[in-house]
Amino acid sequence: QVQLVESGGGLVQPGGSLRLSCAASGSIFIISRMGWYRQAPGKQRELVASITRDGSTNYGDSVKGRFTISRDNAKNTVSLQMNSLKPEDTAAYYCNAVNWSPRSELEYWGQGTQVTVSS
């Protein structure tokens, strides 16, 4: 099992910034992909950003140019720097990680951290 612990959510005014962090621990073989998803009330969970072990990134269209994802392979951590936040960015943000081993590739989720953008 792999545990994901998120931190950094909170309340911020429109135009402000927040940084989310997530640390993976447990029975880690190789964390191949890490990322962040979000889910607003009444909406489906959507990709915010993901990053592979070699640093290739993928962003949701609504956050391109405003959010930046990064990771530390040695520490098995991933961070999301969120700038120019908008009210529509309000959601629960979930850390996601894929643990690869020669016998399996399993996906894990954090418990979520709330981000609220409001004046």
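In what follows, the accompanying structure is described. Note that the coordinates shown come from a computational prediction; the quantities given were computed from them, not determined experimentally.

Criteria and cut-off values
Numbering of residues begins from 1 in every chain and follows the order in which that chain's sequence is written. Local features in this predicted model are restricted to residues of pLDDT 70 or higher, and side-chain atom pairs are both shown and tallied only at a pLDDT of 80 or more, whereas totals for entire chains, interfaces and linings draw on every residue. Only hydrogens and water are set aside when side-chain values are computed; all heavy atoms of the structure are taken into account. Residue types Ala, Val, Leu, Ile, Met, Phe, Trp, Tyr and Cys, when buried and joined through side-chain atoms within 4.5 Å, form a set referred to as a nonpolar core. For each residue, the accessible area found with a 1.4 Å probe, counting protein chains only, is set against the maximum for its type, and the residue is called buried under 20%, exposed over 50%, and partly exposed in between. A helix here means a DSSP run of H or I that spans at least four residues, while a strand means a run of E at least two residues long, and both kinds are numbered starting from the N terminus. Only the six-membered ring of Trp is used, alongside the rings of Phe and Tyr, when aromatic pairs are assigned; centres must lie within 6.5 Å, and planes under 30 degrees apart are stacked while those over 60 apart are edge-to-face, with the rest tilted. Lysine and arginine charges are scored as sitting over a ring when NZ or CZ, respectively, is within 6 Å of the ring centre and within 35 degrees of the ring normal. Strands pair, by our definition, only if DSSP identifies at least two bridges between them. What counts as an axis is a line fitted to C-alpha atoms, over the stretch in contact for a helix, and the angles between N-to-C directions run from 0 to 180 degrees.

With that settled, the discussion passes to the nonpolar core. Soluble globular proteins: nonpolar side chains tend toward being buried together. With 29 residues, the main nonpolar core has Trp36, Leu80, Met82 and Tyr93 as its most contacted residues. At the level of elements, strand E1 (2-7), strand E3 (18-26), strand E4 (30-39), strand E5 (46-52), strand E7 (67-72), strand E8 (77-82), strand E9 (91-101) and strand E11 (113-117) are the ones that each hand at least two residues to this core.

Using the criterion set out here, one finds two aromatic pairs in the structure. Where Tyr37 meets Trp109, the ring centres are 5.0 Å apart and the plane angle is 65°; that geometry is what we call edge-to-face. Remark: Trp109 occurs in strand E10 (residues 104-109) and Tyr37 occurs in strand E4; sequence separation between them is 72 residues. Residue placement shows Arg45 over the ring face of Tyr94; its charged tip is 3.8 Å from the ring centre. Arg45 extends its terminal NZ or CZ atom over the ring of Trp109, reaching a point 4.7 Å from the ring centre.

One open sheet accounts for four strands, arranged E1-E3-E8-E7; its pairing is antiparallel. Pairing within the sheet leaves two strands with one partner each, and these edge strands are E1 and E7. Put simply, the sheet's adjacent strands are angled 15° from each other on average, direction ignored. In this structure, E3 lies alongside E8, joined through six bridges in antiparallel fashion. Within E8, the residue paired with Cys22 across the bridge is Val78.

Side chains Val2, Leu4 and Glu6 of E1 all project onto a buried face; the interleaved residues Gln3, Val5 and Ser7 project onto a face where none is buried. Here E1 runs beside E3; their pairing, made up of six bridges, is antiparallel. If you follow Leu4 over to E3, its bridge partner there is Ala24.

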